[in-house]
Amino acid sequence: MSIGSYLLNKENLDLVAKKSWKFGRAAILEAGRKYYDASPGDVEEIASNMRYMQLPVNDASLALTLEHIVAHYFEKLFVLVKSYEAFWIAQKRIAISDEILEYFKEAERDKKGVFLAEAHYGATYFLALALNVRGISVSSVGKFPPPVGPMLRQNMAEMAERYHLGKTSFLDLTAAGTDAPMEMMSLFLQKKVVSNVFDENNQFCKKHLLLGRPIMGGTGMDMILKGFNDNDLIILTPFLVRNDEESFTLKVERHYLAAGNIIDSFFAALGRMILAAPEQWYFIRELKEAIPE
């Protein structure tokens, strides 16, 4: 059993639904600590992945990394079952600068699409909602199988209607008949805001360097993006950084297709974020799957 399947259950959904952010978070963090105390093999694999990336591995750094992995799952549970509280946090506890919002205004003004090249870093489950709160609709590409997918769709749709937000739609890679590349290209042609991850391994990935270490990534986005140019798309890497237990800041880098090596550019941005706060890159728990043979 993985940490995800251990924490994402009906009991914890009910717990998070009933408790405030502060007490629900503390309860899930405690459950995560118990899991890792009983799963030394999982802990050693994470430590091995950290060593592969040449990140500091000691009792303190490892404990902090495990805490942030569990925090990610708490945030996932929270967005699945909370409504007003999630909306309030996205509105009041997530800082997004005027400079970042200007990218979306530029896209609307100049009739450009936006591609958000996401990494498994920080409070990703709040990113779309934080943009929705500011009137920005997002098409999110990913794996959204039951029961999580339907719950997420329903809660995001209800929040959008109740609080008059931008909307999040979901392009589910697990749904039969989904032609993700064609649908993403169609969304870009419609000048939509589209998000997809680049730091996990699939059949379309190629070898790249992250902090000087080989890693499979890109998820095929280089093939999709080659049909566009900087007059068509604004390309951003967003990182929703945890400042503390209950506040966040969105940090963004802009990338240009004309510069070439767009996926390498994404990994360079991720590398800078990892150096700043390595514990927030929660993909470290499954990095082994992306290490080239």
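Predicted, not measured: the structure shown is a model, and the values here were computed from it. (Residues numbered from 1 in each chain as written. Predicted model: local features only at pLDDT ≥ 70, side-chain atom pairs only at ≥ 80, totals over all residues. Heavy atoms only, no water.)

**Here's the deal with the pairing of strand E9 (residues 248-255)**
Side chains on a regular strand alternate between the two faces of the sheet.
At step 1: In terms of strand pairing, strand E1 (residues 94-95) meets E9 through two bridges, oriented parallel. Residue pairing in the sheet places Ile94 in a bridge with Phe248 of E9.
At step 2: Here strand E8 (residues 233-242) runs beside E9; their pairing, made up of eight bridges, is antiparallel. Bridge pairing links Leu236 to Arg254 in E9.
At step 3: The hairpin turn running from E8 into E9, its antiparallel successor, is five residues long. (Pairing = 2+ DSSP bridges. Helix = DSSP H or I, 4+ residues; strand = E, 2+ residues; numbered from the N terminus.)

**Observations regarding helix H9 (residues 148-163)**
At step 1: Between its first and last C-alpha atoms H9 spans 22 Å; for 16 residues at 1.5 Å apiece the expected length is 22 Å, and the two agree.
At step 2: Considered for burial, the residues of H9 that qualify are Val148, Gly149, Leu152, Asn155, Met156, Met159, Ala160 and Tyr163. Down the axis, H9 shows its buried residues gathered within 140 degrees of arc, on one side only. Those residues of H9 that are exposed and aimed more than 90 degrees away from the buried face are Gln154 and Glu161.
At step 3: Those residues of H9 that are buried are in contact with helix H5 (59-81), helix H6 (84-92), helix H8 (127-133) and strand E4 (168-172). (Expected span 1.5 Å × (residues − 1). Buried < 20%, exposed > 50% of the residue type's maximum accessible area, 1.4 Å probe, protein only. Arc of directions from axis to C-beta. Contact = heavy atoms within 4.5 Å.)

**Focus: the sheet that holds strand E3 (residues 138-142)**
At step 1: Ordered by their spatial adjacency, seven strands build an open sheet running E1-E9-E8-E2-E5-E3-E4, and the pairing between neighbours is mixed. If you trace the sheet from one side to the other, it starts and ends with E1 and E4, each paired once.
At step 2: For E3 and strand E5 (residues 193-197), the ladder comprises two bridges, and the chain directions are parallel. By the bridge assignment for E5, Ser140 is matched with Ser195.
At step 3: Along the sheet face, helix H7 (residues 98-110) touches strand E2 (113-118), E5, E8 and E9 and points at about 50 degrees away from the line of E9. (Axes fitted to C-alpha atoms, helices over the stretch in contact; angles between N-to-C directions.)

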